[in-house]
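Structural features, examined
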Amino acid sequence: MGLFDKLFGGGKKVSRETAQTRGAHMPDLNIPVDEKFTIHFKKNGGKFLYCDSLKEISQALSNIVSENNWQSEPFLALDKRLSKKFSKEKINYTDKASESEIFFTTCEHLIAQDGSILVCSNQLLENKLIDLPDNVIVFATTSQLVETIGGGLKMIKKKYGRSIPTNITTLKHFQANEENDHDFLTYGSSSKNLYLLLLEDL
């Protein structure tokens, strides 16, 4: 993951100008999957925080809370494993979308092809993206990076076998943009203010 070593320091947000972006109709260069994801993710408007350890993840999460004055806001965490992992943080959790302005979640995969985040019923339950809070914090690891959506779907099928989760969709639009592409995986979704906490695990 050489690109991350060059671009990111522990839990430090990188400006959208740091990674070079390419035009919507320009072909992808033959570049590593991590670099391709970074370029497309930033073009989508996402905020990226790369961390070497859970300690750095914890600090980055604290910085996000302080930056947005979310100290008194409960986090919507539908994945109980996530709230358990971060139980020592000064965060209150809820499982009701109506009680929160922040959705704290994991994901299945990070898609390099278009900088999107693949999620399913393991993260969303039966909720539609449009019904969830506009502020989203995603916790993911570098081992979840895949080249394409098709590759991500194959990995889901391999992981879950016959118990394939439902409600599979992608988080892709992280800022209001009339030129956003609308494909079947993002149908009915809405633009989100999204932070990605990415933990190096390779």
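For the structure, check the block above.
In every chain, residue numbers begin from 1 and rise along the written sequence. At least 70 in pLDDT is required for a residue's local features to be given in this predicted model, at least 80 for side-chain atom pairs to be given and counted, and no such filter applies to totals for whole chains, interfaces and linings, which use all residues. Computation of side-chain values covers all heavy atoms of the structure but excludes hydrogens and water.

1. A look at the packing of aromatic side chains
Only the six-membered ring of Trp is used, alongside the rings of Phe and Tyr, when aromatic pairs are assigned; centres must lie within 6.5 Å, and planes under 30 degrees apart are stacked while those over 60 apart are edge-to-face, with the rest tilted. Tallied over the full model, the rule gives nine aromatic pairs. Centre to centre, the rings of Trp 70 and Tyr 195 are 6.5 Å apart; their planes meet at 85°, and the pair counts as edge-to-face. Of this pair, Trp 70 sits in the loop between helix 3 (54-68) and strand 3 (75-76) while Tyr 195 sits in strand 11 (residues 193-199), and the two are 125 residues apart along the sequence. Across the pair, exposure class does not vary: Trp 70 and Tyr 195 are buried alike. Taken together, Trp 70, Phe 75, Phe 86, Phe 104, Phe 139 and Tyr 195 form an aromatic cluster joined through their ring pairs. Across from the ring centre of Tyr 195, 5.1 Å away, lies the NZ or CZ of Lys 47, which sits over that ring. Strands here mean DSSP runs of E at least two residues long; helices mean DSSP runs of H or I at least four residues long; both are numbered from the N terminus. Each residue is assigned to one of three classes by its accessible area relative to the maximum for its type, calculated with a 1.4 Å probe on protein chains only: buried under 20%, partly exposed between the two thresholds, exposed over 50%. By definition here, charges over rings are those cases where NZ of Lys or CZ of Arg is within 6 Å of the ring centre and within 35 degrees of the ring normal.

2. Quick word on the pairing of strand 2 (residues 47-51)
For strand 2, the tally of buried residues reaches five of five residues, placing the bulk of the element in the interior. In the sheet, strand 2 pairs with strand 11 via five bridges, with the strands oriented parallel. Bridging across to strand 11, Leu 49 finds its partner in Leu 197. Paired strands, in this sense, are two strands between which DSSP finds at least two bridges.

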